[in-house]
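Spelled out, the chains give:
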Amino acid sequence: MNTRASAPAQRGAPPLPLPLRGLFRELLAHGVPLGVRDYLDGLRALEAGWGGTAHPTRDELQALAETLWVRNEDERALVRRWFLRLPAPAPLLVTALQRRVDAIEGVARHAAAPPQQAAPPADRPDPTALHDPGAGALPGEGSAATAPDAPARARIELGSAREAGGLALPSVAATNLAIGEDYLLHPHAALPLRQLTVLWRRWRRAVRDGPRLELDLPGTLRVRCEQGFVGAPLMRARRRNAAQLLLLADASPSMLPWQGFLALVQESLEQGRLGRATVRWFSNVPRQRLYLSAALDESEARDDSLAAHEGAALLVISDAGSARGLLNRRRAAQTAEFLGVAAAARTRLVWVNPMPQARWAGTSAALIGADPRLTMLPLGAAEMLRAVDLLRGLK
Amino acid sequence: MSTAPAPTPYARFQGTQSKSYVTSAEVTRIVNLAVHLGRPLLVEGEAGCGKTRLAEAIAEELGLKGEAFVSTTVKSTSQARDLLYRYDALRRLQDSQDATQRERTEDMAHYIELQPLGRAIARGVPALVLIDEIDKADIDFPNDLLDVLDRFQFEIDELPEKPGAQARARGLARVMSAPRGGVRPIVVITSNREKQLPEPFLRRCLYVKLAFPDDPRMLAEIVRKNLKRFKESAGADLVRQAVAAFLAVRARCGQLGMQKAPATSELVDWVRALVWDQRAPAGVHAEGLTGTDRAVLFKVQRDLDRWAAAGSGSAPA
């Protein structure tokens, strides 16, 4: 296998060695944002002697791929899976096969067993053999009856030799998976803190007010040019963001899966540079009292809170009964009462429901979603962007 | 499209030549790759594990001293432009009111001062620029640096398209880049991960995570080199015992879920304190930390409380 590029990368002629070329395509297919430069950097690294030899090992190629192209755990898992599934280079394959077959023959001869079956060709594994309950027993162990299991044992062991460049045979663990697929399980926030913060920062209503503390350089120069003599520098008020938001967040048990997300939203608002952002909590429906924290301990009158935030856009994050999946008439009436009060004082009103939209039907969420005075959106990056645009007053 | 960087003029970083820093083979390899590819190196790791010291060790080993090693610490108010240049508008306004200086005000170049990264790019000679604690800055900061770190080129908005005599004399232009045949500086960026960095920024950098070394021999070597830096020394028995006790303390910190486990900088400080206190090696144990030991090793009151509450064998001060 040619692991060295034979011409400078900038001329574009030589490709990456096969394992890396395939991996590059695999990463692109999984949406990893790699570019031409990343590809060229792979070539330049190999030209510079990555690994210190003319033929880097699989481990070295994997380390190079992780260094150049991996920026999170999901991508690292993709790279590891790729190398795990990669067939072995031919010399290693032959050596590994020969070693295993020799061992099996030696043990079988020693046990004076009947003539053995030859190991099947490596490129045609028999997966059914892996399910054989005798496959885990050592060949020749105890009696001659175990000898027919030997080929299966060889395949399993060769499967485990992949890390050192062995065969890409299915492992015992892999065959236990019902749908033949492995999973990448890494906890993610619905939207990361940074993305939420950036969303809030898009919302600017710049106004100048307050004491004149900032030097007005263009104004000073203009006055000087117009009047022709040196005067005192002009000062002006600082620019500040006048955008205001009141967030009502549901802290009821049905919202438990999203409490972490709500905490992130609260944290992002602190960094979001809005003119004023207030978070109030409620349980199930914003009834007469709103709470100052998710613990629902200290409260204030809902109408006082709405009045104190007159002019602020209103964002509600709640499942609106769709997590339970039932329509509670009393709850629906309370929700309608709240919407009436909230919509009377403001026009920018958005409800984000983290439950999938398919679950809204037949619950109070469907009633809210059908209300023309507000917009109900599911939770997602695009929907949060839309929510912020609506809160900004963009239709 | 970015232009390909010129072949690197930098020597190979061995990771063994620094007087006070010990690095692993993997880190050494990634450092060399970043230097070769002309990509910034982003270094992350727990506080006190030697992120800043890695940059200093690279500069030391590659002979980048004086003006060739620029360190700039990012603050919460820092802006990307602060690393490139500063425009002194107030001085210009002041000069415009002074009849003797009025002529000077016509050339903006008098009021432009290049800053560490801008200077290193413009000089085009081998240099290392350390941008320390980038996560302290506002979240827009890394994005604003993206283009600069991509092309090693930046614009001075205040200068006209055709610079005046003063600008030419000072080597300033509207678009600043390395002179023909010049080289890119090595850029090392450290982060404590207080803020998440944007994805495109991460893609521009090569990434090193400095893990705490759990090899006692490597830790002993780190202690030995650092004591030498302070012109101090400790007996081999004391260092060995301190390292063993320190590893036990760190393991216990993990079990107790402490916020800030002591790292290499605390280990070095601790051994210095043990030497200063003339402690015998036999009396150094994780089970019997004195008040001084705890003061050196733990930085958070909650951790001190947890250690005491767990009855982790603290001896009276």
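Residues numbered from 1 in each chain as written. Chains lettered and ligands numbered in written order. Predicted model: local features only at pLDDT ≥ 70, side-chain atom pairs only at ≥ 80, totals over all residues. Heavy atoms only, no water.

**Observations concerning the overall build of chain B**
Inference 1: Helices and strands together make up the secondary structure of chain B, namely 12 helices and nine strands.
Inference 2: Counting across all 317 residues of chain B, residues that qualify as buried make up 50%.
Inference 3: Here the contacts in chain B between residues at least 6 apart in sequence split such that 79% fall between residues at least 24 apart.
Inference 4: In the form shown here, chain B has an accessible surface area of approximately 15,300 Å², with 49% of it arising from carbon and sulfur atoms. (Helix = DSSP H or I, 4+ residues; strand = E, 2+ residues; numbered from the N terminus. Buried < 20%, exposed > 50% of the residue type's maximum accessible area, 1.4 Å probe, protein only. Contact = heavy atoms within 4.5 Å. Areas by Shrake-Rupley, 256 points an atom, 1.4 Å probe, with all protein chains shown as cover.)

**Focus on the environment of Pro126(B)**
Residues and elements named next belong to chain B.
Inference 1: Structurally, Pro126 can be placed in the loop between helix H4 (116–123) and strand S5 (128–132).
Inference 2: When the C-alpha atoms of Pro126 and Ile186 are compared, they prove to be 7.7 Å apart, with 60 residues separating the residues in sequence.
Inference 3: Sequence-distant contacts of Pro126, that is, excluding residues within four places in its chain, are made with Pro9, Tyr10, Leu64, Ala68 and Val183.

**Examining the confidence of the model for chain B**
Residue and element names in this part refer to chain B.
Inference 1: Taken residue by residue, chain B gives an average pLDDT of 87. The fraction at 70 or more is 96%.
Inference 2: Confidence, read as mean pLDDT per element, is least for helix H6 (residues 165–169) in chain B (83) and greatest for strand S8 (residues 186–191) (95).
Inference 3: The complex prediction reports pTM at 0.66, with the ipTM value standing at 0.76. (pLDDT = per-residue confidence, 0-100.)

**A short note on the interface of chain A and chain B**
Inference 1: If you look at the interface, chain A gives 36 residues, while chain B gives 29 residues.
Inference 2: Together chain A and chain B conceal approximately 2,900 Å² of surface at their shared face, both sides included; 54% is due to carbon and sulfur atoms.
Inference 3: For the interface between chain A and chain B, the tally reads seven salt bridges.
Inference 4: For Arg39(B), the salt bridge identified is with Asp41(A), shortest N-O distance 2.7 Å.
Inference 5: Where chain A meets chain B, there are 11 residue pairs in polar contact (both at pLDDT 80 or more).
Inference 6: Put simply, the parts of the chain that give the side of chain A that touches chain B at least two residues each are helix H2 (36–47), helix H3 (58–69), helix H8 (193–201) and helix H9 (217–227) of chain A. (Buried area = accessible area lost by both parts, 1.4 Å probe. Salt bridge = Lys/Arg side-chain N within 4 Å of Asp/Glu carboxyl O. Polar contact = N/O pair within 3.5 Å; in protein donor to acceptor, adjacent residues only side chain to side chain.)

**Description of the packing of helix H8 (residues 216–229) of chain B against helix H9 (residues 236–256) of chain B**
Angle between the axes and distance between the axes are the two parameters that describe a pair of packed helices.
Residue and element names in this part refer to chain B.
Inference 1: Between H8 and H9, the shortest axis-to-axis distance is 10 Å and the interhelical angle comes to 120°. Here H8 lies oblique to H9, going by the angle between them. Here the hand of the crossing between H8 and H9 comes out right-handed. Seen from H8, the contacting residues are Pro216, Leu219, Ala220 and Val223; seen from H9, they are Val239, Val243 and Leu247.
Inference 2: Taken together, the residues that form the contact of H8 with H9 break down as seven nonpolar, no polar and no charged. (Axes fitted to C-alpha atoms, helices over the stretch in contact; angles between N-to-C directions. Parallel < 35°, antiparallel > 145°, perpendicular 65-115°, else oblique. Left-handed = near helix turned anticlockwise from the far one by under 90°. Nonpolar A, V, L, I, M, F, W, Y, C, P; charged D, E, K, R; others polar.)

**Topic: the nonpolar core**
Inference 1: Counting residues in hydrophobic clusters, the biggest one holds 52 residues, and the most contacted among them are Leu20(A), Trp69(A), Leu41(B), Ile58(B) and Leu128(B).
Inference 2: Here this core gets seven residues from one element, more than from any other, and that element is helix H1 (residues 25–37) of chain B.
Inference 3: In this view, Trp69(A) contacts Leu16(A), Leu20(A), Leu23(A), Phe24(A), Leu27(A), Val32(A), Leu34(A), Asp38(A), Tyr39(A), Glu75(A) and Arg203(B); residues no more than four positions away in its chain are not counted.
Inference 4: By size, the runner-up hydrophobic cluster in this structure holds 50 residues, among which are Ala243(A), Val279(A), Ala313(A) and Met384(A). (Core = buried A, V, L, I, M, F, W, Y, C linked by side-chain atoms within 4.5 Å.)

**As for H1(B)**
Inference 1: With 13 residues, H1(B) should reach 18 Å at 1.5 Å per residue; the first-to-last C-alpha distance of 18 Å fits that figure.
Inference 2: On its buried face, H1(B) sits against H2 and H3 of chain A together with strand S1 (41–45), helix H2 (51–61), S8 and strand S9 (206–210) of chain B.
Inference 3: Count one or two residues on from H1(B) and you reach Gly38(B), which has phi positive near 70°. (Expected span 1.5 Å × (residues − 1).)

**Digging into the environment of Ala286(B)**
Inference 1: Assignment of secondary structure puts Ala286(B) in the loop between helix H10 (264–276) and helix H11 (291–297).
Inference 2: Between the C-alpha atom of Ala286(B) and that of Ala248(B), which follows or precedes it by 38 residues, the distance is 6.0 Å.

**Details of the sheet that holds S8(B)**
All names here are of chain B.
Inference 1: Strand order in this open sheet of five strands is S2-S5-S8-S1-S9, and the pairing throughout is parallel. Bordering the open sheet on either side are strand S2 (69–73) and S9, each of which pairs with just one other strand. When strand polarity is set aside, the average angle formed by the axes of neighbouring strands in this sheet is 20°.
Inference 2: In terms of strand pairing, S2 meets S5 through five bridges, oriented parallel. Among the inter-strand pairings, Ser71 is bridged to a residue of S5, identified as Leu130.
Inference 3: With respect to the sheet, H1 is in contact with S1, S8 and S9, its orientation differing from that of S9 by roughly 155°.
Inference 4: The strands touched by H2 within the sheet are S1, S2, S5, S8 and S9, with S5 carrying the most contacts at an inclination of about 175°. (Pairing = 2+ DSSP bridges.)

**A look at the confidence of the model for chain A**
Residues and elements named next belong to chain A.
Inference 1: A residue-level look at chain A finds 71% of positions with pLDDT of 70 or above and a mean pLDDT of 77.
Inference 2: Considering each helix and strand of chain A separately, the mean pLDDT is smallest for helix H6 (residues 150–160), with a value of 41, and largest for strand S3 (residues 244–250), with 96.
Inference 3: Here residues 115–178 is modelled with pLDDT under 50, and outside its nearest four sequence neighbours on either side it reaches 81 contacts, counting other chains as well.

**Some points on the packing of H8(A) against helix H10 (residues 259–271) of chain A**
All names here are of chain A.
Inference 1: The N-to-C vectors of H8 and H10 enclose an angle of 45°; their axes lie 8 Å apart at closest approach. Between H8 and H10, the angle falls in the class oblique. When you trace H8 past H10, the crossing you get is right-handed. Contacts between H8 and H10 pair Leu193, Leu196, Thr197, Trp200 and Arg201 from the former with Phe261, Leu264, Val265, Glu267, Ser268, Leu269 and Gln271 from the latter.
Inference 2: Tallied by class, the residues present in the contact of H8 with H10 amount to seven nonpolar, three polar and two charged.

**Some words on the pattern of salt bridges**
Inference 1: Tallying each qualifying case throughout the model produces 41 salt bridges over all chains.
Inference 2: Two residues, Arg80(A) and Glu66(A), come together in a salt bridge whose shortest N-O distance is 3.4 Å. Taken together, the residues span a long stretch of sequence, with Arg80(A) in helix H4 (residues 73–85) and Glu66(A) in helix H3 at a distance of 14 residues.
Inference 3: Classification of Arg80(A) as partly exposed rests on a relative accessible area of 44%.
Inference 4: Classification of Glu66(A) by relative accessible area gives buried; the value is 13%.
Inference 5: A salt bridge links Glu75(A) to Arg203(B), with the nearest nitrogen and oxygen atoms 2.6 Å apart. Of this pair, Glu75(A) sits in helix H4 while Arg203(B) is found in helix H7 (residues 199–204), placing the two residues in two different chains.
Inference 6: Since its relative accessible area comes to 5%, Glu75(A) is described here as buried.
Inference 7: Look at Arg203(B) and you get buried, because its relative accessible area is 7%.

**Things to note about H8(A)**
Inference 1: Listed as buried for H8(A) are Arg194(A), Leu196(A), Thr197(A), Leu199(A), Trp200(A) and Arg201(A).
Inference 2: Tucked inside the fold, the buried residues of H8(A) contact S3, H10, strand S7 (313–317) and helix H14 (381–392) of chain A together with helix H5 (140–151) of chain B.

**Points about unusual backbone geometry**
Residues and elements named next belong to chain A.
Inference 1: Positioned with a positive phi, Leu296 is a non-glycine residue whose angle comes to about 55°.
Inference 2: You can see Leu296 is positioned in the loop between strand S5 (289–291) and strand S6 (299–301).
Inference 3: Although it is not a glycine, Ala320 adopts a positive phi angle of roughly 50°.

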